[in-house]
Amino acid sequence: MPSVLCLAEDGSLHVGEPATDDGSRTTRDFVHRIGDDVPVLLGGEPCAPQTLTAELAAWVVERVHAQEGGAAEAIVLSHPAGWRPYRREVLHRALSDLGLRHVTLLPRTVTVAESHAARGFAGSTAVVYALGGNSFEAALVRRTPRGTYETFGTPQGLDPIGGADFDEALAEHARTVLARELAATGRRGAQAALRGLRAECDRVKRVLTVDLTADVVLTLPSGPARVPVTRAQFEAMIRPTVQATVDLLLRAVRSADLTPAQLDGVLLAGGSTRVPLVTELISAALPVPVEVEPDAQLTAATGAAMAACQVVSPRPRQPPPARVPAPVSGAGQATIPAPRRPHHTVPGDPPPRPPVRVLPLELPKPSRLALARGRGREG
């Protein structure tokens, strides 16, 4: 689910993309504002960012309980690698206030590395490049003697930069090209035509990761209007933003006085890392293998689930057998074609162990804002 919350007129908090154009009742930037004393205004109501994040986490826990028929044995949330203890503490308090009192917080760069390791990445030192919808961060990770990963060096971040900026670049291009047609429809007609522009641009962005051309399609009163966009045009729009993230990636590497020869790879996470320009600029800056998973938007969450297995039943992990990684070559290709492993198994798992008794987590208690499922896309 996209990290989007919308406050309905009845006071319920909907998760996912809203069905309304009222931006004052929708928020997408609350996660990176955790610890900020200035509240987020949602429908005119002040809300602490950490409370909104806890509400989203509680919604997920409730969905898991409903679908799996039982409470989760462990909960792991990932957070920006550059967070200080204060921000982790305020999030822990907000989670506890909703009944989630046994939550493990891990840096997102660590969960990204865990996910890649589960799919066969055998390196011991890597740099993580995580490009989310509204955030970017890069940090070095290394394998510990226990077989898990830890962050070192100085993490680099850039908020609120992310895939949403790529969508907005396409949207601005479409609005400029169709300015005359939109003006002819009047204010109300233009608002109706532009209602689904963000989602349409997200679709076109995804198409351009595998195709060289795509059309942004808007429905006007006079009929469908198409704005052709080539991959070259799209890459020209987003190149400055992508280059800024690559510069931060290099700064993260330099923070630990490492050379590219000391890196085993660059680990990508986030749906927008499928854009070919991202891999192109990273490869030009760092001559090391670039690893990306088929479902890059799920990498951090999958890694958190892998880490949760360690929380439930901790044990030393052996690193996977050494392999020769292959860099990404072109759009839509991943370096690790191995199928997903069922039940969150890890390469090198020992034989099955006796069952471990784990006290189930209690369902979170109802919050002041009632959670309701919105019309967001599941992912």
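Here the residue index of a chain counts from 1 through its sequence in written order. Confidence filtering applies because this is a predicted model: local features only for residues at pLDDT of at least 70, side-chain atom pairs given and counted only at 80 or more, and all residues used for totals across whole chains, interfaces and linings. The basis for every side-chain value is the complete set of heavy atoms in the structure, and neither hydrogens nor water enter the calculation.

- In the nomenclature of an unreviewed UniProt entry, the protein chain corresponds to Molecular chaperone DnaK (HSP70) from the organism Micromonospora vinacea.
- Taken directly from UniProt, the Sequence similarities (unreviewed entry) text for the protein chain runs: "Belongs to the heat shock protein 70 family." UniProt positions are given in the numbering used here, feature names are shortened, and annotations may be inferred rather than shown by experiment.

**Structural notes on the pairing of strand 12 (residues 223–230)**
Okay, step 1: Note on pairing: DSSP must find at least two bridges between two strands before they are called paired. In this description a helix means any DSSP run of H or I spanning at least four residues, a strand means any run of E spanning at least two, and both kinds are numbered starting from the N terminus. Of the pairings in the sheet, the one linking strand 11 (residues 213–220) to strand 12 comprises eight bridges and is antiparallel in character. Bridge assignment links Leu-218 to a residue of strand 12, and that residue is Ala-225.
Okay, step 2: The turn linking strand 11 back onto strand 12 is made up of two residues.

**Examining the pattern of salt bridges**
Okay, step 1: Put simply, a salt bridge is a Lys or Arg side-chain nitrogen that is within 4 Å of an Asp or Glu carboxyl oxygen. Inspection of every chain in the model, using the stated rule, returns 12 salt bridges.
Okay, step 2: Among the salt bridges present, the one from Glu-172 reaches Arg-175, with a minimum N-O distance of 3.0 Å. With Glu-172 and Arg-175 both in helix 4 (residues 163–177) and three residues apart, this pair spans about one turn of that helix.
Okay, step 3: Exposure remark for Glu-172: the relative accessible area of 41% places this residue in the partly exposed category.
Okay, step 4: Note on exposure labels: buried denotes an accessible area under 20% of the residue type's maximum, exposed denotes more than 50%, and partly exposed covers the range between, all computed with a 1.4 Å probe on protein chains only. Judged by its relative accessible area of 27%, Arg-175 falls in the partly exposed class.
Okay, step 5: With a closest N to O distance of 3.9 Å, Arg-226 and Asp-215 form a salt bridge. Residue Arg-226 is located in strand 12, and its partner Asp-215 is located in strand 11; the two are separated by 11 residues in the primary sequence.
Okay, step 6: Using a relative accessible area of 28% as the deciding quantity, one classes Asp-215 as partly exposed.
Okay, step 7: In the salt-bridge network here, residues are joined through shared partners; they are Asp-167, Asp-202, Lys-205 and Arg-206.

**Some thoughts on helix 6 (residues 186–194)**
One full turn of an α-helix is made of 3.6 residues, so residues set three or four places apart face in the same direction.
Okay, step 1: What helix 6 keeps buried is the set Gly-189, Ala-190 and Ala-193. All buried residues of helix 6 lie within an arc of 100 degrees about the axis, which places them on one face of the element. Among the exposed residues of helix 6, those oriented more than 90 degrees off its buried face are Arg-187 and Arg-188.
Okay, step 2: Looking at the packing, one finds that the buried side of helix 6 touches helix 5 (179–184) and strand 11. Working note: the arc is built from the helix axis to C-beta atom directions. By definition, residues are in contact when any of their heavy atoms lie within 4.5 Å.

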